[in-house]
Amino acid sequence: MLKIKKTKPYQFRKPHRNSAHKIYAGRVACAFALICSIVPTLALLTYYNPYNKKVSAATLSIDNISTMQEMRPGICYNMEIGDSATLTDTRDDSTYTIAKLSDNKCWMTQNLRIVNKTITSADSDVSANFTIPASSTSGFSSDTAVNAYYGNNTTYGAYYTWCAATAGCKDASGNNPAANVDAASSICPKGWRLPKGTPGTGTNEFAVVAGLTSTNVAVNSNYWSSLSSPSFANSALTVNGVTFPAAGYYSDSSPYNIGSYGSYWSSTADSTTGAYRLRFSSSFFYPAYNNYRRSGLSVRCVADSYAEADTDIIAIVVPPVISIDATSGMNKEVDPNLVTKGEISATISANTTYAVQLSANKTSLTNPNDSDEPTPTNSIPASSNVQAKTNAWGILNQDNSTYSAITSTPTTYYNTEEYNEEEQSTKHTFGIGVSISPTLPAGEYSTTVTITAINN
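Residues numbered from 1 in each chain as written. Predicted model: local features only at pLDDT ≥ 70, side-chain atom pairs only at ≥ 80, totals over all residues. Heavy atoms only, no water.

Visitor: Explain the environment of Ala355 to me, please; I cannot follow it from the model alone.
Guide: Mapped onto the elements of the fold, Ala355 is located in strand 24 (residues 354-360). You can call Ala355 partly exposed: its relative accessible area is 23%. For Ala355 and Thr452, which are 97 residues apart along the polypeptide, the C-alpha to C-alpha distance reads 8.0 Å. (Helix = DSSP H or I, 4+ residues; strand = E, 2+ residues; numbered from the N terminus. Buried < 20%, exposed > 50% of the residue type's maximum accessible area, 1.4 Å probe, protein only.)

This is the structure in C-alpha cells:
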C-alpha cells in the first residue's frame, strides 16, 4: 500500500482545499511457501501546477489576477483612480477589497487580519520565514514583542505590535531600525508593504493619501483642518476617498478606544524603541505620531504604482512536489529454522525536503481466512524479537541484526538511501525480517504497509 501525503499543497489562483493526494498500491504478502512479497507495481504522483505565463507591461491588468500576491506595480499603474477589486490572500484565504486612490497607489481598503501563520518570501513582504503569533491579548508590554490579536474580522482586523507588523524589527542591514529608518519587511502579502510614516520629508504616505495641502508633516502635529473633506461616522474616518475604521488599540493586554479612535502602524521607526503611526479621532489627524512599539495597532497595506518595462516578463512558481513509486523483491521459500530477510523500497523524487515513514493498518501478518475474526487464531505479530522458530516480523535496524516492530502510526524507521543523480531521485530501502514457527498452519499471511512521504 502506498500513500502520498502533501502537508502543504500548492495553491494556484483560487486555493485548493483538502488537496492531499493519495495513491494506494502493493501489498506485503506472507505465506508458508511464499513469504513477504510486495506485488511489483508502480505508483507515481507528480503534482505540478506551475504558474507560467508570459505577459507584457501593456497587458498587466487587475482583471487578470485574483490573489493579493499577484499584484505588481504595473497592474496598479494601469488602473484608473477609483478602480477596485476583491483579491484573496493565499496565506489564509482571507479576501480584501483594494482600490487605486488619489495618491496613484493601490491600498487595501480593509485592515489586515492574518494571525497564527508562518509566512515566507514566496507569499509575503519578507526575506526570511516569519511566524505571526496566534491570537493573544497578553504580552503587549515589550518593545520587542511580536504579539497579534485577532479583532472583529473584516471590521477592525487584527492588532499587531510593531515588531510583528514589520516581521521582526529589522532594517535593510538586519539591525534594529533607528530614527526615520524604515523596516525592511512587513507581514503584508507579497507585492504589498506598510505605508511610510517619515515626517518632514513630504513622503508620509498617510498624509498624501488623506489629501493634505502640505505633505511636509511635523511630528505629533494635528492636521485635521488640512484634510480633504474629513468625515467621522459609524466608527470610521473617511477622508479623500479612503476609509479607516476606528479600531482603537491594545496595550497591556487591554483594548482601548475601539469605535472612537484609530491607530495604524507605518514602516518607519522614530527611535530604537518606537515607531510612527497614524492616529485619528473625530477631531484630530496625526499622520506622524510617535509611539512605543509594544502597542497592538491596526495594519493597512499599500502597493506601489509605476510603469513596467515593455519587454516580456516570465513568472514561474514551482510548487513543492513529491513523486514516489513502490518497488520490491521478496519472493523466497520459508525455512522455519532461519530468519528470512527481504526489503520494501520506495523511489522518491522531490524538490523539497521530506521524511519517509512506515505504518501498517494491522501490525500482524494474518491469514485472510481469519481476517474477519477479532483476534485471528494464527498470525505473525510485529515484534522486535525476530528469531528462528518464532512467529515474528520486523523492520531491520541499522545494525543489520536487530529489528523494530511496525506500528499503526506513521513512524520513521532506518532505511538506506541511494541517490540517482541522473533522475534526481532517491531510493529508500527498508529491510524486513520474518520468522515463523514450524507449527504455523500453511496459508497466506498478509497485512497492508503504508509508505508515507511528508513534506518537512
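Back to the write-up after that little detour.
Visitor: Please clarify how the sheet that holds strand 18 (residues 274-280) should be interpreted in this entry.
Guide: As a general point, the strands of a sheet are linked pairwise by backbone hydrogen bonds and lie either parallel or antiparallel. Here we have three strands laid out as an open sheet, ordered 17-18-19, and antiparallel in their pairing. Pairing within the sheet leaves two strands with one partner each, and these edge strands are strand 17 (262-269) and strand 19 (285-292). On average, each strand axis in the sheet is tilted by 35 degrees relative to the strand beside it, whichever way the strands run. Relative to strand 18, strand 17 runs antiparallel, the two being bridged by five bridges. Note on strand 18: the bridge partner recorded for Tyr264 is Leu278. (Pairing = 2+ DSSP bridges. Axes fitted to C-alpha atoms, helices over the stretch in contact; angles between N-to-C directions.)

Visitor: Just checking my understanding: could you explain the nonpolar core for this structure?
Guide: The nonpolar side chains of soluble globular proteins are, as a tendency, buried together. The biggest cluster of nonpolar side chains holds 46 residues, and the ones touching the most others in it are Ile62, Met71, Ile98, Leu112, Tyr160 and Trp192. Of all elements in the fold, only helix 1 (73-78), strand 5 (84-88), strand 6 (95-100), strand 7 (106-108), strand 9 (130-132), strand 11 (158-160), helix 3 (162-165) and strand 17 reach the threshold of two or more residues within this core. In contact with Leu112, other than residues within four places in its own chain, are Arg91, Tyr96, Gly157, Ala158, Tyr160, Ile187, Pro189, Val299 and Cys301. Core analysis: the second largest hydrophobic core is formed by 24 residues, Leu101, Val242, Ala246 and Tyr264 among them. (Core = buried A, V, L, I, M, F, W, Y, C linked by side-chain atoms within 4.5 Å. Contact = heavy atoms within 4.5 Å.)

Visitor: Sorry, what's going on with the pairing of strand 17 here?
Guide: The side chains of a regular strand alternate, residue by residue, between the two faces of the sheet. Summarising burial for strand 17: eight of the eight residues are buried, a large majority. Here strand 17 hands over to strand 18 after four residues, the two strands then running antiparallel side by side.

Visitor: Sorry, what's going on with the pattern of salt bridges here?
Guide: Pairs may arise between side chains of opposite charge once their charged atoms sit close together. Enumeration over the complete set of coordinates arrives at seven salt bridges. Put simply, Arg193 and Glu205 hold a salt bridge, and the shortest N to O gap is 2.8 Å. Placement of the pair is Arg193 in the loop between helix 3 and helix 4 (205-209) and Glu205 in helix 4, with a sequence separation of twelve residues. For Glu205, a relative accessible area of 4% puts it in the buried group. (Salt bridge = Lys/Arg side-chain N within 4 Å of Asp/Glu carboxyl O.)

Visitor: It is not clear to me how the environment of Gly259 should be interpreted in this structure. Could you clarify?
Guide: As for its position among the elements, Gly259 is in the loop between strand 16 (254-256) and strand 17. Spatially, the C-alpha atom of Gly259 lies 7.6 Å from that of Pro245, the residues being 14 residues apart in sequence. Apart from the residues within four sequence positions on either side, Gly259 is in contact with Tyr156, Phe232, Ser235 and Ala246.

Visitor: I'm lost on the state of the cysteines in this one. Help?
Guide: Such a bond, covalent and formed between the sulfur atoms of two cysteines, is termed a disulfide. Going through the model one piece at a time under the given rule, you end up with three disulfides. With its sulfur 1.6 Å from that of its partner, Cys163 forms a disulfide with Cys169. Because the torsion about its S-S bond is -100 degrees, the bridge between Cys163 and Cys169 counts as left-handed. Taken as a pair, Cys163 and Cys169 share a single burial class, namely buried. Residue Cys188 pairs covalently with Cys301 via a disulfide, S to S 2.1 Å. Taking the torsion about the sulfur-sulfur bond, which here is approximately -90 degrees, the covalent link between Cys188 and Cys301 counts as left-handed. Of this pair, Cys188 sits in the loop between helix 3 and helix 4 while Cys301 sits in the loop between strand 19 and strand 20 (302-303), placing them 113 residues apart in sequence. By relative accessible area, Cys188 is classed as buried at 0%. For Cys301, a relative accessible area of 0% gives the class buried. (Disulfide = S-S within 2.5 Å.)

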